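# An overview of the molecular structure
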Amino acid sequence: MRYTLVLSTLFPLFFSVTFAVDPRYCQDKTTLDGKDFTLEEIDNPYLPTLAKYFDSKGKITSVTAVLQSANRDLVKRSPPLSNGDGPPAESWAWNSGDDKTTDWIPQGITSSADAFGKGTWNDYEVWIVSWYRSGDSVRVSFIDRKTNKYRHVMLVYPTADDDFESIRIHAGGIAWYGNVLYVVDTHKGIRAFDLNNIWEVDIADGVGKTADGKGYSADEYRYVLPQMRSYNWVAGDASPFRFSWISLDRSDTPDTLMVGEFVRDGETFDDADKTPVPIRYVKYNLDADTRRLQTENGIASSSWASCVNIPNVQGAVSYEGKFYISRSTGRAPKKGDLFIWEEGKTATEQTGWFSAGNEDMSYNLVRKEYYTVTEYEQDRHILAYKV
């Protein structure tokens, strides 16, 4: 089924005092002022010392080395389709253990086309996918698109000059830009990880310094990827932003990161007055030389912000003014929906376009295709669609 949806705010006229005066709240408007959506850049103070230690031990490795040591295989498998589904150009499943596990859940996806805009990283075509283990840790899978082999790497946060811990966030979306992997932190903002600083650790239990103090481990994973900095939400707490997904837009000048909110259909702030939770997309300018967000006095202000009244969105990408939006509707036999939108126009909806559990999105400007990953066990796919 194909129809149009007008992107307008359909909110009631009554608002609580708290939100009526908040300029970041949608109320009766769609366009917002980017200066109201600000992030504070904070470098991790412990990363340099820990990096020197791993360098002295010859334990700093590269994305290329991780790919060359890949120890698992994707499986060619078509997702279950029905009338209305968009036939993907490619469909890959994980190995049986990763497909079936209920401990780890895939969420975000990005590719080497995001990294430099030329499609490859050191001549490799790569996908990276994030997974979370509830309240415990995050890992990312580095996937060689030529061999279809992959390897998991754990994300860690340096907590001292001689220690680190696991990352305890949802990791709902990721974006690769140069040597930086950006990961959304739902309630705090965006975290940045240094892909030039992957550390090889001991294959042992526990995360951080080992019990004997002679090495480091990461729950049996061979490699860890350390957090280098964060961009923390500082715009107050009257209308907090949910950093649910993220994507890169290289058609903007300069390049931008776009983040957006997952809000359930009909969700309200308060059961008493039924004030609806706003659904907002926000873009931040990037510095192509430093690979950081552009800041002034350590503060990154949004270059664009808008209310987009589509609930249950798990991911979106934009390119040359066109937005592709991924909405999930639950487990099979339900399907996910695709919206295509241009600002100021109506959005076209393709109902049931995706397999169940569609999540974050990424756009490959070289191949002219976009990607998503599905989350539900025994039905997990990496899907590629031609634009």
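These notes cover the structure that comes with them. Remember, it's a predicted structure, so these values are computed and weren't measured experimentally.

Let us now look at the overall build of the protein chain. Secondary structure summary: the protein chain contains 5 helices and 31 strands in total. On C-alpha atoms alone, the protein chain measures out to a radius of gyration of 20 Å, which is about the 21 Å that the 2.2 N^0.38 rule sets for 387 residues. The 387 residues of the protein chain split such that 59% are buried. Counting contacts in the protein chain only where the partners sit at least 6 residues apart, residues at least 24 apart contribute 61% of the total. The positive charge centre, built from 43 side chains, and the negative charge centre, built from 55, are 5 Å apart in the protein chain.

On to the sheet that holds strand β2 (residues 31-32), then. The 5 strands are arranged β2-β24-β22-β21-β20 in an open sheet whose pairing can be described as antiparallel. Each edge of the sheet is formed by a strand with only one pairing partner; in this case those strands are β2 and β20 (245-249).

On to unusual backbone geometry. A cis amide bond, omega -5°, links Thr 253 with the succeeding residue Pro 254. The topology assignment puts Pro 254 in the loop between β20 and β21 (256-260). Located in the positive-phi region is Glu 320, a residue other than glycine, with phi close to 50°. With respect to the element layout, Glu 320 can be found in the loop between β25 (313-319) and β26 (322-327).

Glancing now at the pattern of salt bridges. Under the defined criterion, the tally for this structure stands at 29 salt bridges. Where Arg 72 meets Asp 98, a salt bridge forms, and the shortest distance between an N and an O atom there is 3.0 Å. Placement of the pair is Arg 72 in strand β5 (residues 72-73) and Asp 98 in helix α4 (residues 96-100), with a sequence separation of 26 residues. The partly exposed category is assigned to Arg 72, whose relative accessible area is 27%. For Asp 98, a relative accessible area of 3% translates into the label buried. Note that Asp 255 is salt-bridged to Arg 250, the shortest N-O span being 3.3 Å. One connected set of salt bridges, linked through shared partners, spans Glu 90, Glu 125, Arg 145, Arg 367, Glu 369 and Lys 386.

This brings us to the state of the cysteines. Applying the stated criterion across every chain, the model contains 1 disulfide. Here Cys 26 connects covalently by a disulfide to Cys 307, the sulfurs 2.0 Å from one another. Classification of the bridge connecting Cys 26 and Cys 307 rests on its S-S torsion, roughly -105°, and on that basis the disulfide is left-handed. Here Cys 26, found in the loop between α1 (17-20) and β2, pairs with Cys 307, found in strand β24 (residues 304-307); they are 281 residues apart in sequence, far enough to count as distant. Using a relative accessible area of 4% as the deciding quantity, one classes Cys 307 as buried.

It is worth spelling out the nonpolar core at this point. Within the largest apolar cluster, 54 residues are counted, with the highest numbers of intra-cluster contacts made by Leu 39, Tyr 182, Val 259, Tyr 284, Leu 293 and Ile 382. Of all hydrophobic cores here, the second largest spans 26 residues; its members include Tyr 132, Val 153, Ile 169 and Leu 181.

This next bit is on the packing of aromatic side chains. Using the criterion set out here, one finds 27 aromatic pairs in the structure. Between Trp 233 and Phe 241, the ring centres sit 5.8 Å apart and the planes meet at 35°, which makes this aromatic pair tilted. With a relative accessible area of 14%, Trp 233 lands in the buried category. Given the relative accessible area of 3%, Phe 241 is considered buried. A cation sits over an aromatic face here: Arg 139 above Trp 131, 4.5 Å from the ring centre. Lying over the aromatic face of Tyr 177, Arg 291 brings its terminal NZ or CZ to 4.7 Å of the ring centre.

What counts as what
- Residues numbered from 1 in each chain as written.
- Predicted model: local features only at pLDDT ≥ 70, side-chain atom pairs only at ≥ 80, totals over all residues.
- Heavy atoms only, no water.
- Helix = DSSP H or I, 4+ residues; strand = E, 2+ residues; numbered from the N terminus.
- Rg over C-alpha atoms; globule rule 2.2 N^0.38 Å.
- Buried < 20%, exposed > 50% of the residue type's maximum accessible area, 1.4 Å probe, protein only.
- Contact = heavy atoms within 4.5 Å.
- Lys, Arg positive; Asp, Glu negative; His and termini not counted.
- Charge placed at Lys NZ, Arg CZ, Asp CG, Glu CD.
- Pairing = 2+ DSSP bridges.
- Salt bridge = Lys/Arg side-chain N within 4 Å of Asp/Glu carboxyl O.
- Disulfide = S-S within 2.5 Å.
- Core = buried A, V, L, I, M, F, W, Y, C linked by side-chain atoms within 4.5 Å.
- Phe/Tyr/Trp six-rings, centres within 6.5 Å; stacked < 30°, edge-to-face > 60°.
- Lys NZ or Arg CZ within 6 Å of the ring centre and 35° of its normal.

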